[in-house]
Amino acid sequence: MKWVTRKNANVDRVACPWLIKRFVDAGAEFLFVPADEVMTVAERENAIHFDVPNVELGHVDGRCSFESIILKHGLADPGLDRLARIVHGADVAGDVGITVESAGLKAIAHGFALVHGEDDHEKIRLETPMYDALYEWCRRQEL
C-alpha cells in the first residue's frame, strides 16, 4: 500500500513510517510531497494520507499521528504505548515534558533533519534502528 504525507519529515513523520512498516503494512511505500499536494496525491495514487490536518491518521483529539495510527489499527502493546508517549512529547511542543525521554528524541530527530534536510527516505532508513532500539527498551520497561 502507498502512504502519503508532507515532505521534510521530522519526529512524527519518521516515527509513523517505522510504526506502519513494523506493525501495520510491512510492504508500505511512502510518498513525501508538498503539504498542499497531499490530498491530490493520495487520491491519484490511492494512498493513505497521514500526519496532515483534518485526517483520521493525524493530530486528532490531542493525539499525534503516531498515536492515531495505533488507535486505528488496534495495536495493543504496552511497550508501544510507552513509545507513543515518548513520540507524542517529542512531536507536540507543549508536551515535551510528558516523558523524560521525549526531549532527547526531539533533539535526535531534529538533528537528523538538520543533517539530511528533505531526504525523507534517508532519515527513515537511518532512524529505523533507533526506533527499533527505543521500542525494545520501552517493551522491556513494561515487563
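Structure's up top.
Let us look at the structure shown here. Predicted model, so just to flag it, every value in this text is computed and none were measured.

Scoring rules and cut-offs
- Residues numbered from 1 in each chain as written.
- Predicted model: local features only at pLDDT ≥ 70, side-chain atom pairs only at ≥ 80, totals over all residues.
- Heavy atoms only, no water.
- Buried < 20%, exposed > 50% of the residue type's maximum accessible area, 1.4 Å probe, protein only.
- Helix = DSSP H or I, 4+ residues; strand = E, 2+ residues; numbered from the N terminus.
- Pairing = 2+ DSSP bridges.
- Right-handed = clockwise from strand over helix to strand, strands pointing away.
- Axes fitted to C-alpha atoms, helices over the stretch in contact; angles between N-to-C directions.
- Parallel < 35°, antiparallel > 145°, perpendicular 65-115°, else oblique.
- Left-handed = near helix turned anticlockwise from the far one by under 90°.
- Contact = heavy atoms within 4.5 Å.
- Nonpolar A, V, L, I, M, F, W, Y, C, P; charged D, E, K, R; others polar.

## Some thoughts on the pairing of strand S2 (residues 29-33)
At step 1: Taking burial as the measure, the five residues of S2 include four buried ones, the bulk of the element.
At step 2: With five bridges connecting them, strand S1 (residues 2-6) and S2 associate as parallel partners. Note that in S2 the partner of Thr 5 across the bridge is Phe 32.
At step 3: For the segment spanning S1, helix H1 (residues 11-24) and S2, crossover handedness is right-handed.

## Some thoughts on the packing of helix H4 (residues 78-91) against helix H5 (residues 100-116)
At step 1: The contact between H4 and H5 brings their axes to 7 Å, and the two run at 60°. It follows from the interaxial angle that H4 and H5 lie oblique. Where H4 crosses over H5, the two elements pack in a sense that is right-handed. Contacts between H4 and H5 involve Arg 85, Ile 86, Val 87, Gly 89 and Ala 90 from the former and Glu 101, Ser 102, Leu 105 and Lys 106 from the latter.
At step 2: Looking at the contact of H4 with H5 residue by residue, the class counts come to four nonpolar, two polar and three charged.

Remember, this is a structural readout, not a statement about activity or role.
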